[in-house]
Amino acid sequence: MTTPLSPQARAARLEVLRSEYMAQIIAAAARHGDPVRVAPYVLTQPGTERHADLELIEKYAAGRGWQVTRVTFADVGQPPPLDQRLGFGALCRLAARGYAHGILAIARPAITTDNETYAQILEHLHVRGVFLAYLPTEHDAPA
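The present account deals with the structure reproduced in this document.

## Observations regarding the pattern of salt bridges
Counted by the stated rule, this structure contains two salt bridges. With a closest N to O distance of 3.3 Å, E116 and R10 form a salt bridge. Here E116 is found in helix α4 (residues 115-126), whereas its partner R10 is found in helix α1 (residues 7-31), with 106 residues between them in sequence. On the accessibility criterion, R10 (25% relative accessible area) is partly exposed. For E15, the salt bridge goes to R18, with nearest N and O atoms at 2.4 Å. A residue pair is termed a helical-turn pair when its members lie 3 or 4 positions apart in one helix, as E15 and R18 do in helix α1 at three residues. Among the residues examined, E15 registers a relative accessible area of 30% and is labelled partly exposed.

## Here we look at the nonpolar core
Among the nonpolar cores identified, the biggest contains 25 residues, and Y41, F88, I103, I111 and L132 are the most heavily contacted of them. Residue assignment for this core shows that the elements contributing at least two residues are α1, β1 (37-43), α3 (86-99), β4 (102-105), α4 and β5 (131-134). Ranked by size, the runner-up nonpolar core spans 15 residues in total, among them M22, V36, L54 and A61.

## Overview of empty space enclosed by the protein
For the structure on display, the rule yields one cavity of 30 Å³ or more. Approximately 30 Å³ is the volume found for the largest cavity. Lining the largest cavity, in full, are R18, Y21, L122, L125, H126, V130, F131 and L132. Those elements that provide at least two residues to the lining of the largest cavity are α1, α4 and β5. The residue inventory of the lining of the largest cavity, partitioned by class, reads six nonpolar, one polar and one charged.

## Remarks on the environment of P136
Relative to the assigned elements, P136 resides in the segment after β5. Separated by 106 residues in the primary sequence, P136 and A30 have C-alpha atoms spaced 22 Å apart.

What counts, and at which threshold
- Residues numbered from 1 in each chain as written.
- Predicted model: local features only at pLDDT ≥ 70, side-chain atom pairs only at ≥ 80, totals over all residues.
- Heavy atoms only, no water.
- Salt bridge = Lys/Arg side-chain N within 4 Å of Asp/Glu carboxyl O.
- Helix = DSSP H or I, 4+ residues; strand = E, 2+ residues; numbered from the N terminus.
- Buried < 20%, exposed > 50% of the residue type's maximum accessible area, 1.4 Å probe, protein only.
- Core = buried A, V, L, I, M, F, W, Y, C linked by side-chain atoms within 4.5 Å.
- 1 Å grid on protein atoms, 1.4 Å probe; cavity = no way out; pocket = protein on both sides within 12 Å on 5 of 7 lines; lining within 4 Å.
- Points joined across faces, edges and corners; volume = space filled by probe spheres on them.
- Nonpolar A, V, L, I, M, F, W, Y, C, P; charged D, E, K, R; others polar.

This is the structure in structure tokens:
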């Protein structure tokens, strides 16, 4: 009998899985000679904050050598359930059709803080050849 993982340990394992999926998809793009394309996603009100978040995302993507889609995606307010987020749904459909290799957000809470939902999203996107990426935090080691 195994002991269930604590939420923090589960979140850490999911982050490792997310990183592995991201590396696989980026490597596949490189093998095909394709530039990595990412679609920005923000969870914030329209206006100055949204514009600033999108600028940070674009700057980070450029630093990684990634192309950013011309279309950006957003939802507003406190994080509603994912199935009620029109922007996130549209983003996932665009990426799954091959227009982006990845979804780039400021941080994981913009997607979900629930580990089970997050695991499902990672799998759903991975089988469609799409990764999730976030901007580094002050706690992240330089890449």
